[in-house]
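# Descriptive analysis of the structure
In case you want the letters, here they are:
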Amino acid sequence: MSATTTTKPNSSTDETLTGVVERITYHAEDSGYTVAKMQVKGFRELVAIIGNFPNIQAGMTLSVKGYWYDHPKHGQQFQVKNYTESKPATLTGIEKYLGSGLIHGVGPVTAKRIVAHFQLETLEVIENQIERLIEVPGIGKKRVKMIQPIEKSVIVIVDDRDVEYDYADLNEVALAWSISIHKSQGSEYPVVIMPISMSHYVMLSRNLVYTGLTRAKKLAIVVGEKKAIGIAVKQGHRRQRYTRLVERLKNP
């Protein structure tokens, strides 16, 4: 790949990009789904990154792992599977980071003043010697008390234990509301709750119910309509699949 272009072929092979978040195009507070533009070294244009970021701000320095794909409407994008955050290493990155609203009481103008005074030591001062902000022209004691870094961690309850995660590590946590029987094959769980309904009655079969129930180690609970369960139990034969696979193999 040339160092002066963003052109990439569609690929499912994972790559890692490191850069600075320039702007947030879209961010859903509830799910963390985000569309952002990132400045990556070696790329002339900003790279569009798509993924779940619980907390993302302009100015963040991220290492994102994922793959390229072409969106039919928006063009080339980088789908992020996971990421890590590191502190901004340049004055411009630090200024953008502070002015993004990440720190209460610091806007773009104040961020510029702070960075101009402390240079590359800015983040160290804010994290460990925040009282030194009084050295910055235009910032008094009253203003310093208003400036507080936003808490960047969240408590997740796991098996009755409180586990603290940094926002940068939240991509390791995934909500598991449900899983299909197909995906559960080969796995076992202490408790299985299996809903059976008429909404997809053509898929019901004895094998499906058997596979779902045998995933449970201790307890299996079936929730659903009696009619649907009856249909599933009676459907013991294997259905013919009309895929034309044989014909395609014979006549490629």
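None of the values given here were measured: they were computed from a predicted structure.

Thresholds, definitions, all that
Residues numbered from 1 in each chain as written. Predicted model: local features only at pLDDT ≥ 70, side-chain atom pairs only at ≥ 80, totals over all residues. Heavy atoms only, no water. Patch = residues over 30% accessible without salt bridge, like charges linked within 9 Å, V, L, I, M, F, W, Y side chains within 5 Å. Areas by Shrake-Rupley, 256 points an atom, 1.4 Å probe, with all protein chains shown as cover. Salt bridge = Lys/Arg side-chain N within 4 Å of Asp/Glu carboxyl O. Helix = DSSP H or I, 4+ residues; strand = E, 2+ residues; numbered from the N terminus. Buried < 20%, exposed > 50% of the residue type's maximum accessible area, 1.4 Å probe, protein only. Phe/Tyr/Trp six-rings, centres within 6.5 Å; stacked < 30°, edge-to-face > 60°. Arc of directions from axis to C-beta.

Turning our attention to a nonpolar patch on the surface. On the surface, a nonpolar cluster with roughly 420 Å² of combined accessible area is contributed by V191, I193, L219, I221 and V223. Ranked by residue count, the leading element in the nonpolar patch is strand β11 (residues 216-224), at three residues. Considering the arrangement of structural elements, one finds I221 in strand β11. On the basis of relative accessible area, I221 is assigned to the partly exposed category, the value being 33%.

Tallying each qualifying case throughout the model produces four aromatic pairs. Ring plane angle 25 degrees and centroid distance 6.0 Å describe the contact between F43 and W68, whose orientation is recorded as stacked. Of the two residues, F43 is situated in the loop between β2 (33-40) and β3 (47-52) and W68 in strand β4 (residues 61-71); the sequence distance between them amounts to 25 residues. For the pair shown, F43 and W68 are each scored as buried. Counting every residue linked through ring pairs, the aromatic cluster contains F43, W68 and F78.

Moving on: helix α2 (residues 108-118). Listed in full, the buried residues belonging to α2 are T110, A111, I114, V115 and F118. When α2 is viewed along its axis, its buried side chains cluster within an angular range of 130 degrees and face the same direction. Among the exposed residues of α2, those pointing more than 90 degrees away from its buried face are P108, V109, K112 and A116. Just beyond α2, the residue with positive phi is Q119, at close to 55 degrees.

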